[in-house]
Amino acid sequence: VQLQASGGGSVQAGGFRRSSCSASGRAFINYTVAWFRQAPGKARGFVSAVKYGLGTKYYGDVAKGRFTISRDNDKKIVYLQMNSLETEDTAVYFCAPASLLHDNYYRTDQYYNFWGQGTLVTVSS
C-alpha cells in the first residue's frame, strides 16, 4: 500500500483543517495508518494513528482533544480533522502505512514506510 497526503493549506489560528490520506494498492484494511508531522528545523513527530482491523485510534500529545483521525476502508482513505489550530501546528504532515503493526510500535516512525511528500499546513496568527 502506498499513501498520498493532501488537504494542506493556510489557516488562521483557531481555525480548522481536514487532511486526507488516499491509498493505492491492496489489503488496505490490514494496515495501520499514521500521521506524523515535521516543522521547520524540528524532527518528525507522531500525531495520530488508526489501527488495522477494528480501527483503534491513537493520539499523540499534540493532537489530544483537538484532532480526530478516522478511516474509510471502502474508499481507502484516512482523514485527520484538525481543530483549534495553533501556530505551533505549522508543519508538513505525512501519512504512512504499516502492515499489521503491533500496538507497541504505532508511535515509532521507523516501522512505517512509503512516506510520500506530505502536505503543508500553515497556521498564522
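Each residue is numbered by its place in its chain's sequence as written, counting from 1. Note on the predicted model: pLDDT of at least 70 is required for a residue's local features to be given, and 80 or more for side-chain atom pairs to be given and counted; whole-chain, interface and lining totals, by contrast, use all residues. Water and hydrogen atoms were dropped before computing side-chain values, which therefore reflect all heavy atoms in the structure.

Student: Help me understand the overall build of the protein, please; the structure alone is not making it clear to me.
Tutor: Secondary structure elements are taken from DSSP: a helix is a run of H or I of four residues or more, a strand is a run of E of two residues or more, and numbering for both begins at the N terminus. Assigned secondary structure in the protein consists of zero helices and 10 strands. Mapped in sequence order, the helices and strands of the protein form the string β-β-β-β-β-β-β-β-β-β. Relative to the compact-globule value of 14 Å for 125 residues, the protein shows a C-alpha radius of gyration of 13 Å, a close match. On the principal axes, the C-alpha backbone points of the protein span a range of 40 × 25 × 25 Å. Pairs of residues are marked as contacts when any of their non-hydrogen atoms sit within 4.5 Å. Restricting to contacts in the protein with at least 6 residues of sequence separation, those with at least 24 account for 58%. Here the protein displays about 6500 Å² of accessible surface, and carbon together with sulfur accounts for 47% of that area. Between the centroid of the 14 positive side chains of the protein and the centroid of its 8 negative side chains there is a distance of 5 Å. Atoms considered for the radius of gyration are the C-alpha atoms alone. The globule rule reads 2.2 Å times the number of residues to the power 0.38. Residue exposure ignores everything except the shown protein chains as possible cover, and the areas themselves are Shrake-Rupley values with a 1.4 Å probe. In this count, Lys and Arg are taken as positive residues and Asp and Glu as negative ones, while His and the chain termini are left out. Where a charge lies is defined by one atom per residue type: Lys uses NZ, Arg uses CZ, Asp uses CG and Glu uses CD.

Student: Explain the state of the cysteines here, please?
Tutor: A disulfide bridge is the covalent bond that connects two cysteines by way of their sulfur atoms. Any cysteine sulfur atom paired with another within 2.5 Å is treated as part of a disulfide. Using the criterion set out here, one finds one disulfide in the structure. Residue cysteine 21 pairs covalently with cysteine 95 via a disulfide, S to S 2.1 Å. Its torsion about the S-S bond being 90°, the disulfide of cysteine 21 and cysteine 95 is classed as right-handed. Here the residue cysteine 21 occupies a position in strand E3 (residues 17–24), and cysteine 95 occupies one in strand E9 (residues 91–99), the gap between them amounting to 74 residues. The exposure classification of cysteine 21 matches that of cysteine 95, with both residues buried. Relative accessibility under 20% of the residue-type maximum defines a buried residue, over 50% an exposed one, and the middle range a partly exposed one, all with a 1.4 Å probe and only protein chains included.

Student: What is the right way to look at unusual backbone geometry in this model?
Tutor: Most peptide bonds take the trans form, and the phi angle of most residues other than glycine is negative. Of note in this structure, alanine 27 is not a glycine but carries a positive phi near 60°. Locating alanine 27 in the fold gives a position in the loop between E3 and strand E4 (31–38). A residue is classified by how much of its surface remains accessible, and alanine 27, at 40% relative accessible area, is partly exposed. Not every positive phi belongs to a glycine, and lysine 76 is a case in point at roughly 60°. Mapped onto the secondary structure, lysine 76 falls in the loop between strand E7 (67–72) and strand E8 (77–82).

Student: Help me understand the sheet that holds strand E6 (residues 57–59), please; the structure alone is not making it clear to me.
Tutor: Picture the strands of a sheet paired through backbone hydrogen bonds; they go either parallel or antiparallel. Paired strands are those between which DSSP finds at least two bridges. Ordered in space as E2-E10-E9-E4-E5-E6, the six strands form an open sheet in which the pairing is mixed. Lying at the two open borders of the sheet, with one neighbouring strand each, are strand E2 (9–12) and E6. Between one strand axis and the next, the sheet turns by 25° as a mean value, whatever way the strands run. Examined bridge by bridge, strand E5 (residues 45–50) and E6 share three bridges and lie antiparallel to one another. Here an axis means a line fitted to C-alpha atoms, over the contact stretch when the element is a helix, while the angle between two N-to-C directions is reported on a 0 to 180 degree scale.

Purely geometric stuff here, so don't read any function into it on its own.
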